[in-house]
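# Fold and geometry: a report
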Amino acid sequence: MPYAHITGWGMSVPEPVLTNDDLAKIVDTNDQWIRERTGIRERRIARDTDFPSTLGTAAALKALEVANLKPTDVDLIICATSTPEHIFPATACLIQDQLGATKAGAFDLLAACSGFIYGLNMAAQSIRSGAIKNAIVIGTETLSRFVDWEDRNTCILFGDGAGAFVLQASDQPGGVLAAVMHSDGSGGNLLTLPAGGSRHPATEATIREGQHYIYMDGKEVFRFATKVMASSTEEVLKLAGLTKEDISVIIPHQANLRIIDAAARGLKLPIEKFIINVDRYGNTSTASIPIAAVEGIEKGRVKKGDKVVFVGFGAGLTWGALVAEWTGPLPSPRKVNMGRYRLWGRVRSLLHRFERFLEGIIWGRKA
Ligand SMILES: CC(C)(COP(=O)(O)OP(=O)(O)OC[C@H]1O[C@@H](n2cnc3c(N)ncnc32)[C@H](O)[C@@H]1OP(=O)(O)O)[C@@H](O)C(=O)NCCC(=O)NCCS
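If you're wondering where the values come from, they're calculated on a predicted model, not measured in any experiment. (Residues numbered from 1 in each chain as written. Predicted model: local features only at pLDDT ≥ 70, side-chain atom pairs only at ≥ 80, totals over all residues.)

A tally of helices and strands in the chain yields 11 helices and 13 strands. Taken against the 2.2 N^0.38 rule, which gives 21 Å for 367 residues, the C-alpha radius of gyration of the chain at 21 Å falls within 12% of a compact globule. Referenced to the eigenvectors of the C-alpha coordinate spread, the extents of the chain come out at roughly 65 × 55 × 35 Å. Pairs at least 24 residues apart make up 79% of the contacts formed inside the chain by residues separated by at least 6 positions. (Helix = DSSP H or I, 4+ residues; strand = E, 2+ residues; numbered from the N terminus. Rg over C-alpha atoms; globule rule 2.2 N^0.38 Å. Contact = placed C-beta atoms within 7 Å.)

For the ligand, the set of nearby residues contains 20 residues, the closest of which are T29, R152, G218, F222 and A255. Elements supplying a minimum of two residues to the shell around the ligand: α2 (31–38) and α7 (218–240). Ranked by residues supplied to the shell around the ligand, first place goes to α7 with five residues. Classifying every residue of the shell around the ligand gives 10 nonpolar, seven polar and three charged. (Near = placed C-beta within 6 Å. Nonpolar A, V, L, I, M, F, W, Y, C, P; charged D, E, K, R; others polar.)

What follows deals with unusual backbone geometry. A negative phi angle characterises most non-glycine residues, just as the trans form characterises most peptide bonds. Note the cis peptide between F88 and P89, where omega equals 5 degrees. G316 connects to L317 through a cis peptide bond whose omega is -5 degrees. Mapped onto the fold, L317 is located in the loop between β12 (307–314) and β13 (318–325). Located in the positive-phi region is A112, a residue other than glycine, with phi close to 50 degrees. Following the sequence through the fold, A112 ends up in the loop between β5 (105–109) and α5 (115–128). A112 sits in the buried class, given 23 other C-beta atoms within 10 Å. Although it is not a glycine, S285 sits at a positive phi angle of roughly 50 degrees. (Buried ≥ 20, exposed ≤ 12 C-beta atoms within 10 Å, placed from the backbone.)

Under the domain assignment used here, the chain contains domain 1 (3–187 + 219–325) and domain 2 (338–367). Computed over C-alpha atoms only, the centres of domain 1 and domain 2 are separated by 33 Å. Counting residues at the interface gives nine residues for domain 1, matched by seven residues for domain 2. Counted by class, the side of domain 1 that touches domain 2 contains four nonpolar, two polar and three charged residues. (Domains from an automatic or database assignment.)

Below, the discussion takes up helix α4 (residues 91–99). The element α4 is extensively covered by neighbouring structure, given that nine of its nine residues are classed as buried. Taken together, the buried positions of α4 are occupied by T91, A92, C93, L94, I95, Q96, D97, Q98 and L99. Looking one or two residues beyond α4, the residue adopting positive phi is G100, at roughly 75 degrees.

Turning our attention to the nonpolar core. One broad trend across soluble globular proteins is that nonpolar side chains are buried collectively. With 110 residues, the main nonpolar core has I77, I78, A123 and V137 as its most contacted residues. For A123, the residues in contact, after removing those within four places along its chain, are A4, L76, I78, A135, V137 and L167. (Core = buried A, V, L, I, M, F, W, Y, C linked by C-beta atoms within 7 Å.)

The subject of this paragraph is the sheet that holds β5. With mixed pairing, the five strands of this open sheet are ordered in space as β1-β7-β6-β4-β5. In this open sheet, the two edge strands, each paired with only one partner strand, are β1 (3–12) and β5. Geometrically, the sheet is characterised by an average inter-axis angle of 20 degrees between neighbouring strands, direction not taken into account. Where strand β6 (residues 134–142) lies against strand β7 (residues 160–170), nine bridges are found, and the strand directions are antiparallel. By the bridge assignment for β7, I136 is matched with V166. (Pairing = 2+ DSSP bridges. Axes fitted to C-alpha atoms, helices over the stretch in contact; angles between N-to-C directions.)

Right, let's talk about the packing of helix α3 (residues 52–67) against α4 for a bit. Their axes nearest at 9 Å, the elements α3 and α4 cross at an angle of 55 degrees. Taken together, the axes of α3 and α4 lie oblique to each other. Pair α3 / α4 crosses with right-handed handedness. On α4, the residues touching P52, S53, G56, T57, A60 and L61 of α3 are T91, L94, I95, Q98 and L99. (Parallel < 35°, antiparallel > 145°, perpendicular 65-115°, else oblique. Left-handed = near helix turned anticlockwise from the far one by under 90°.)

Next up on the list: the pairing of β7. Burial within β7 is extensive, with 10 of its 11 residues counted as buried. In terms of strand pairing, β1 meets β7 through nine bridges, oriented antiparallel. Residue pairing in the sheet places A4 in a bridge with A169 of β7.

With that settled, consider the sheet that holds β12. Taken together, four strands build an open sheet; the order of strands is β8-β13-β12-β11 and the sheet is mixed. Where the open sheet ends on each side, the last strands, each with one partner, are β8 (175–183) and β11 (249–252). Neighbouring strand axes in the sheet, compared pairwise and without regard to direction, differ in orientation by 15 degrees on average. Here eight bridges tie β12 to β13, and the two strands are oriented antiparallel to one another.

Direction vectors running N to C along α7 and helix α8 (residues 257–267) enclose 40 degrees, while the axes themselves pass 9 Å from each other. If you check the angle between α7 and α8, you find them oblique. Crossing angle aside, the handedness with which α7 passes α8 is right-handed. Together, F222, A225, T226, M229, A230 and T233 of α7 and I259, A262, A263, G266 and L267 of α8 make up the contact between the two elements. Looking at the contact of α7 with α8, its residues break down into eight nonpolar, three polar and no charged.

In structure tokens:
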């Protein structure tokens, strides 16, 4: 049975920064309150030209470059997102097109902020089953488009961005060791985007009532989060036959510094074991874990052979954890020139559209 190794990583965040002081000009809040209650100092906000697919594609290209893989080597693209570009087509398919990943199956995974862990687990299972060799898992969000900028309970928390991992099959032991996934739909009402789906399709009334914005019961979500972060970490370690002492670093979902603090206390681990960057990006939902991972790797906090735990929670309710032995790029005789593929995806997409246009004319004439 092959092992599923994490061999590439990349992130992409929009340039515009929104600080707490900027927010204080929009809603009744202040920098001190936000920092003390959440640990957040600033977040990134998508420009009009940034979308989950463009941010996700940029992150995926960087991850492929690290893994030294061509887009055409990819068998599967899983895009975890809480803010898809459309109900359908899947954002994963838009990314597949922009990458020019012509061999890949692609689908979106909706498990809110736990989505990246769910996606890693699904990709690892597909690799270990022998069905596929190379997968990309992406977490990508433009939450700023679903935030009520008049609601100080939520607008202070969220930010935009994307992160991606490449997973590859190898006979060498290591990679994803174990994962746990949980859900409790009885808490679905605690964190929700009420309208715009088939239960409450968009109407003038739903828009007037602001039902297309994120609704959150902050206190209940906080209580839930502090319970499950420590318990799912312990559960996944047990499943992998590891102890807390074996773990070099924990990369948690970046929702609130106090939630990460509570997890550290629950696990009786020093906070230094956790990679934290919620201060600079806020809560980027599915993107928060890969963005924190990429920054941790770049700062030398995650090294080959390290045992790393990823743990998160989110709307659904969902929660989960995954433990992996860190690998890095697999040895390869060739060097992929990714610059070429940045353009190739767009050219290939245009050619395909043109081909479909010509076929339309031909078949249209025959009909
Ligand atoms: C949202 C959250 C930061 C609020 O923190 P809290 O300590 O629970 O704060 P409360 O809601 O009890 O509010 C305390 C006071 O601050 C006020 N307040 C709320 N938001 C404020 C803001 N942005 N600025 C200033 N004051 C604010 C409240 O009105 C309240 O005032 P009161 O005591 O006069 O009534 C916290 O509950 C949280 O992080 N929850 C989890 C959210 C989360 O992680 N969501 C994503 C899941 S993936």
